[in-house]
Structures are given as C-alpha cells and as structure tokens.
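# What the coordinates show
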Amino acid sequence: MKIGLFIPCYIDAFYPKTGIATLELLEKLGQEVEYPMDQTCCGQPMANSGCNRDAKETEALFIRNFSKYDVIVSPSGSCVHHIRDNFDAIEQTDEVRHVRKNTYELVEFIHDVLKVREFPWAEFPHKVGMHNSCATLRALRTASMSELGEPFFSKPKTLLSAVKGISFAAPKRPDECCGFGGTYSVTEEAVSARMGLDKVTDHHDAGAEYIVSADTSCMMHQQGCAERNGVPIRFIHIAEILNGARS
C-alpha cells in the first residue's frame, strides 16, 4: 500500500527525531512512504478550542495533501482522533470520507494492519513507564481502560515487549490524564501543571527511567513538569524505540 506520512506540527518543530524514526521504521517494515511537503496542522487546536469553523481551510489543505494515498499514518494519537472523529468543518465528500476512514495512529497501524510482532534490530535496556494518552486510550482504544475494569490489553506494550532488554514499570494510576489536553494546559495552567507533576512522579516512584508514549504532545507537557520540579526521568516516543534507539 502507498502511505502518506503525516507529521504533526509540534513534532516537526520540536521533536523531529520522532518524525524521522517513524519514516525509517515504516520503511524497515517494507512500506512505501511519501511525505507531502505542503502539509501543515490538521486543525485540532482550533476544534479543541471551540473554533471549529476556523479549521475549515486547514482541513481542506489536509485533504488535498493526503486524499491520494491508500492510508495515512501519523505518530500522534490525538491528531488521528481529530481526523477520524472530528474532521467536520468541511463538506463530507468522498475524498474526505476516504481520508477519515484510512488515517491510522502508528501503533495501531503496525499492530492491527501490518500485524508486526518482531523488531529484531531493536534493543532498549531500560525500565519504562507506559503513558497512553486520553485520545489513544479512550478514543482509538489502543489499550484497555482501567476505570472500566475490562480485561487487560495494550497494543503499544505488545509491540514494546518484542524489544530486547526492555522492562516495564507499574505506576499506581496508569490511565490518569497527564493534564496536557492541548489548550487546556494554557487555559487551566495551574491544574494542568499539577496533574503533569502527579503523572511523572507516579512513574518515577514506580522505578521508570523513561516515560514512553505514542503522543509527543503529552510527553512535551510532562517533560516540562519534570524538569521544573527536578524529577529525574526521561522521555521517548515509541517510534524511536521500535526503530532501534537505545537511549
């Protein structure tokens, strides 16, 4: 299949290693990947702020960039959730429906579509805490929700378990929101910062050296909370580990 690679604006600006790792990983898995050079934001910040109509032109550009691909893959659960479930500022044409239906977060694409379970090049000799963002957990359902008491499953943990040397920490509140929430961290700064500190402290107390996630936006928030409060923990996107990063 022909893949259009969507790299969210904050990854492009602040965490380019995550975008590069995503491309390299997909190519290692035998996929044909293209990166449309005219891509920009998907419109999620406007929609989350209640300014859905203002996302119209951004969404239209996204469709022009990605409608020609069989699937669209992105290393961001929150952006994929917006595209799949809230991409409605524009007319719902066949092209729009195609893009919404065939946009995948990286973990679910590897786990559910490619069904890859081995990464022989990957080794990560560290103890990690898993952070499933609210979007990946409760909208994309890449893992079970502890608050529902349902049988445990975790697509990211299944993939990471194939990485040599990795081990997992067990925080007390694994599915609690980290407080980022996009513009929530701006409009409710004090509450957001406290939630982020609670999250990173929980992982640190469980023995995690790294927090790993499929959402760099959450980790960007948590990293700031950790650094400002002196919590000695590091952060890495799951794409980088699966691609072979060792630190």
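Residues numbered from 1 in each chain as written. Predicted model: local features only at pLDDT ≥ 70, side-chain atom pairs only at ≥ 80, totals over all residues. Heavy atoms only, no water.

## Thoughts on the pattern of salt bridges
Under the convention used in this document: In the sections that follow, a salt bridge refers to a side-chain nitrogen of Lys or Arg positioned within 4 Å of a carboxyl oxygen of Asp or Glu. Numbering of helices and strands starts at the N terminus; helices are DSSP runs of H or I of at least 4 residues and strands are runs of E of at least 2. Here the term buried applies to any residue with accessible area under 20% of the maximum for its type, exposed to any over 50%, and partly exposed to those in between, with areas from a 1.4 Å probe on protein chains only.
A full pass over the atoms with the stated rule returns nine salt bridges. For Asp94, the salt bridge identified is with Arg97, shortest N-O distance 2.6 Å. Residue Asp94 and its partner Arg97 are located together in helix H6 (residues 94–101), separated by three residues, close to a single helical turn. According to the relative accessible area criterion, Asp94 is exposed, its value standing at 60%. Lys155 serves as the salt-bridge partner of Asp112, at 2.7 Å between the closest nitrogen and oxygen. With a gap of 43 residues between them, Asp112 in helix H7 (residues 106–114) and Lys155 in helix H9 (residues 155–160) connect regions that are remote in the sequence. Take Lys155: its relative accessible area is 13%, and that puts it in the buried class.

## Here we look at the environment of Gly179
How we decide: For this analysis, residues touch if any pair of their heavy atoms sits within 4.5 Å.
Checked against the element boundaries, Gly179 lands in the loop between strand S6 (167–168) and helix H10 (184–187). A sequence separation of 93 residues divides Gly179 from Asn86, and the C-alpha atoms of the two residues are 21 Å apart. Apart from residues lying up to four places away in sequence, Gly179 is in contact with Tyr184, Ser185, Ser192, Met195 and His221.

## Describing the side chain of Lys199
Formally: By the counting rule applied here, Lys and Arg register as positive and Asp and Glu as negative, while His and the ends of each chain are not counted.
Position of Lys199 relative to the elements: it lies in helix H11 (residues 189–205). We note that Lys199 is buried and unpaired, the nearest opposite charge coming from Asp202 at a distance of 5.9 Å. What Lys199 contacts, discounting residues up to four positions off in sequence, is His131, Arg173, Pro174, Asp175, Glu176, Cys177, Cys178 and Gln222.

## Thoughts on helix H12 (residues 216–229)
The criterion, for reference: Multiply 1.5 Å by the residue count of a helix minus one, and that product is the helix's expected span.
Taking 1.5 Å per residue as the helical rise, H12 with its 14 residues ought to reach 20 Å, and the 20 Å between its terminal C-alpha atoms agrees with that figure. With its phi angle positive at about 70°, Gly230 sits one or two positions after the end of H12.

## Re unusual backbone geometry
What is expected of a backbone is that most residues other than glycine have negative phi and most peptide bonds are trans. A positive phi angle is found at Lys115, which is not glycine, with a value near 60°. Looking at the element boundaries, Lys115 is found in the loop between H7 and strand S5 (127–131). Its relative accessible area of 58% is what places Lys115 among the exposed residues. A positive phi is found at Arg141, a non-glycine position, where the angle reads about 55°. Assessed through its relative accessible area of 26%, Arg141 is described here as partly exposed.

Such coordinate-based values are descriptive only and should not be taken to indicate function.
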